[in-house]
Amino acid sequence: MNSQESFGTLIPDPLKKKLQQEGVSFAELRQSSSAAEKLVEQIYRYWRSGKLRIERNWNGIFDQPQNIPYSNSACLLPDDRLYLESSNPHQLWKLATWNVNSIRTRLPLILQWLKEHNPDVVCLQETKVEDPLFPVWDLQQAGYESAFFGQKSYNGVAILSKHPIQDVQHGFRNGYDPENARLIAGTVSGVRLVNVYVPQGQNTESDKFKYKLNFFAELIQEIQAENNSDRSFAIMGDFNIAPKAEDVTNPEAMENKVSFHPEEHALLTKLTDLGLSDLFRKFDTRGGQFSWWDFRTMGFERDEGMRIDYILGNSVLTSSCQACIIDKEARGQDRPSDHAPVIGEFIF
């Protein structure tokens, strides 16, 4: 059940048309529902996402009602009139992925970034925090609910959304690698999303590289089971693989090294051959467009990095994608992550 269906099933049919035409008072709407608490929760979600317009005349004090914008401290009054916005059937929907390299360290930057970019959904990697310490309240105040799968000091993935997150899955469906919080999935606005943090691999002679290859093979099986050609689907995150020569600073120097190894490329090709497209490359084919820069070598200042973060969409989602960018400005802020967000924009 998506958010539209949840809202609709809580309202009697006669009031649905009134919501789109003449509006309905908050008091009447609440009294009409047998599940008032759930309805009120959905009303606030719709108001927050811009799907509801609230007009207030303060019990007749003003001749013309005031339009009341949503804020974290906003509340509804009994005689407020609610209107369901239906004039624009096609809405912009923004999806982002960002390895934040510690959500608690980066929280002020994340909150400011959310305010500036206003994405519908953000998938985070390397949150590096146990679930009881995840900053749920701070994100709620910014208008986002959260689904997360974390562990102390390492790994950690999360989905932040302005809309309900449904059918959440923590880790691989077959139970692979349960001790490492590297994968979470959920459905938002009818789009199935898989958020992954692929192991880095250290070096090609290490056991960690073998772990990386095994992890990716399991990931391919996971996506084979998840990807349904009839619905919008994306897998995104930090893949720790630069796909092609134009995605690294010096392909000759990177040849056969971790993150640019033929075995990694073969696995990535198997993944994309499942019907997935690299959304960034749909719009930008230039070289030197990186998403990660090494702190230790001042890679950002020297413009030496790799593009290892991306959004892969199936044909249904790709057809609605209008833009996809790497937000390098976030990498240039104070106390940044070593990764930049990747943002996709869609028209639904």
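First, a word on what this report is: a plain description of the structure on this page.

## Re the overall build of the protein chain
Move 1: Summing up its helical and strand segments, the protein chain has 13 helices and 18 strands in all.
Move 2: Scaling as 2.2 N^0.38, a compact globule of 348 residues should have a C-alpha radius of gyration of about 20 Å, and the protein chain matches this with 22 Å.
Move 3: Based on the C-alpha atoms only, the size of the protein chain along its principal axes is roughly 75 × 40 × 40 Å.
Move 4: Considering the protein chain as a whole, with its 348 residues, one finds that 53% of them fall into the buried category.
Move 5: Considering only contacts in the protein chain between residues 6 or more positions apart, those separated by 24 or more positions represent 69%.
Move 6: Accessible surface computed for the protein chain: about 16,400 Å², of which carbon and sulfur atoms make up 47%.
Move 7: If you average the places of the 37 positive and of the 47 negative side-chain charges in the protein chain, the two averages end up 2 Å apart.

## Digging into the environment of Tyr83
Move 1: Mapping Tyr83 onto the fold places it in strand 4 (residues 81-84).
Move 2: Given a relative accessible area of 12%, Tyr83 falls into the buried group.
Move 3: Sequence separation of Tyr83 and Val342 is 259 residues, and the distance between their C-alpha atoms is 34 Å.
Move 4: Of the polar contacts made by the side chain of Tyr83, one reaches the backbone oxygen of Glu22; its length is 3.3 Å.

## Things to note about the sheet that holds strand 7 (residues 145-149)
Move 1: Spatially, the 6 strands line up as an open sheet ordered 7-8-6-5-18-17, and their pairing is mixed. A single partner strand is all that each edge strand has here, and the edge strands are strand 7 and strand 17 (321-326). Neighbouring strand axes in the sheet, compared pairwise and without regard to direction, differ in orientation by 10° on average.
Move 2: By the bridge criterion, 5 bridges tie strand 6 (residues 121-125) to strand 8 (residues 157-161) in an arrangement that is antiparallel. Following the sheet pairing, Cys123 is matched in strand 8 by Ile159.
Move 3: Taken strand by strand, helix 5 (residues 103-117) contacts strand 5 (92-99), strand 6, strand 8 and strand 18 (342-347), and its axis lies near 160° from that of strand 5.

## Let's talk about the pattern of salt bridges
Move 1: For the structure shown, the criterion picks out 15 salt bridges.
Move 2: When salt bridges that share partners are traced, they join Arg173, Arg192, Glu222, Glu226 and Arg231 into one network.

## Section: the packing of aromatic side chains
Move 1: Within the structure shown, the criterion is met by 10 aromatic pairs.
Move 2: Ring plane angle 45° and centroid distance 5.8 Å describe the contact between Tyr44 and Trp47, whose orientation is recorded as tilted. With a gap of 3 residues between them, Tyr44 and Trp47 both fall in helix 4 (residues 36-48), about one helical turn apart.
Move 3: Given the relative accessible area of 4%, Trp47 is considered buried.
Move 4: Summarising the aromatic geometry, the rings of Trp98 and Trp113 are spaced 5.1 Å apart at their centres and angled 55° between planes, so their arrangement reads as tilted. With Trp98 in strand 5 and Trp113 in helix 5, the pair connects residues that are 15 residues apart, well separated along the chain. There is no split in this pair, since Trp98 and Trp113 are both buried.
Move 5: Counting every residue linked through ring pairs, the aromatic cluster contains Phe172, Tyr176, Tyr211 and Phe215.
Move 6: It is Arg53 that lies over the ring of Tyr83; its NZ or CZ is 4.3 Å from the centre.
Move 7: One Lys or Arg, Arg56, reaches over the ring of Trp58 and ends 5.1 Å from the middle of that ring.

## Some remarks on unusual backbone geometry
Move 1: You will see that Glu126, though not glycine, has its phi angle at about 50°, which is positive.
Move 2: Within the element layout of this structure, Glu126 appears in the loop between strand 6 and helix 6 (136-141).
Move 3: The phi angle at Asn240 is positive, at roughly 55°, despite the residue not being glycine.
Move 4: By the secondary structure assignment, Asn240 is in the loop between strand 12 (233-238) and helix 8 (251-254).

## Structural notes on the nonpolar core
Move 1: Leu95 and Leu193 are the most contacted members of the largest nonpolar core, which has 29 residues in total.
Move 2: Residue contacts for Leu95: discarding those within four places in its chain leaves Val121, Leu193, Ala234, Met236, Ile311, Val342, Ile343, Gly344 and Phe346.
Move 3: Among the nonpolar cores identified, the runner-up in size contains 25 residues, and Leu219, Ile220, Phe233 and Phe239 belong to it.

## Examining the sheet that holds strand 4
Move 1: With respect to topology, 4 strands assemble into an open sheet ordered 1-4-2-3, the strand pairing being antiparallel. Lying at the two open borders of the sheet, with one neighbouring strand each, are strand 1 (24-25) and strand 3 (66-67).
Move 2: In the sheet, strand 1 pairs with strand 4 via 2 bridges, with the strands oriented antiparallel. Bridged to Val24 within strand 4 is Leu82.
Move 3: Its contacts with the sheet put helix 2 (residues 13-20) on strand 1 and strand 4, and the angle it makes with strand 4 is roughly 85°.

Definitions and cut-offs
Residues numbered from 1 in each chain as written. Predicted model: local features only at pLDDT ≥ 70, side-chain atom pairs only at ≥ 80, totals over all residues. Heavy atoms only, no water. Helix = DSSP H or I, 4+ residues; strand = E, 2+ residues; numbered from the N terminus. Rg over C-alpha atoms; globule rule 2.2 N^0.38 Å. Buried < 20%, exposed > 50% of the residue type's maximum accessible area, 1.4 Å probe, protein only. Contact = heavy atoms within 4.5 Å. Areas by Shrake-Rupley, 256 points an atom, 1.4 Å probe, with all protein chains shown as cover. Lys, Arg positive; Asp, Glu negative; His and termini not counted. Charge placed at Lys NZ, Arg CZ, Asp CG, Glu CD. Polar contact = N/O pair within 3.5 Å; in protein donor to acceptor, adjacent residues only side chain to side chain. Pairing = 2+ DSSP bridges. Axes fitted to C-alpha atoms, helices over the stretch in contact; angles between N-to-C directions. Salt bridge = Lys/Arg side-chain N within 4 Å of Asp/Glu carboxyl O. Phe/Tyr/Trp six-rings, centres within 6.5 Å; stacked < 30°, edge-to-face > 60°. Lys NZ or Arg CZ within 6 Å of the ring centre and 35° of its normal. Core = buried A, V, L, I, M, F, W, Y, C linked by side-chain atoms within 4.5 Å.

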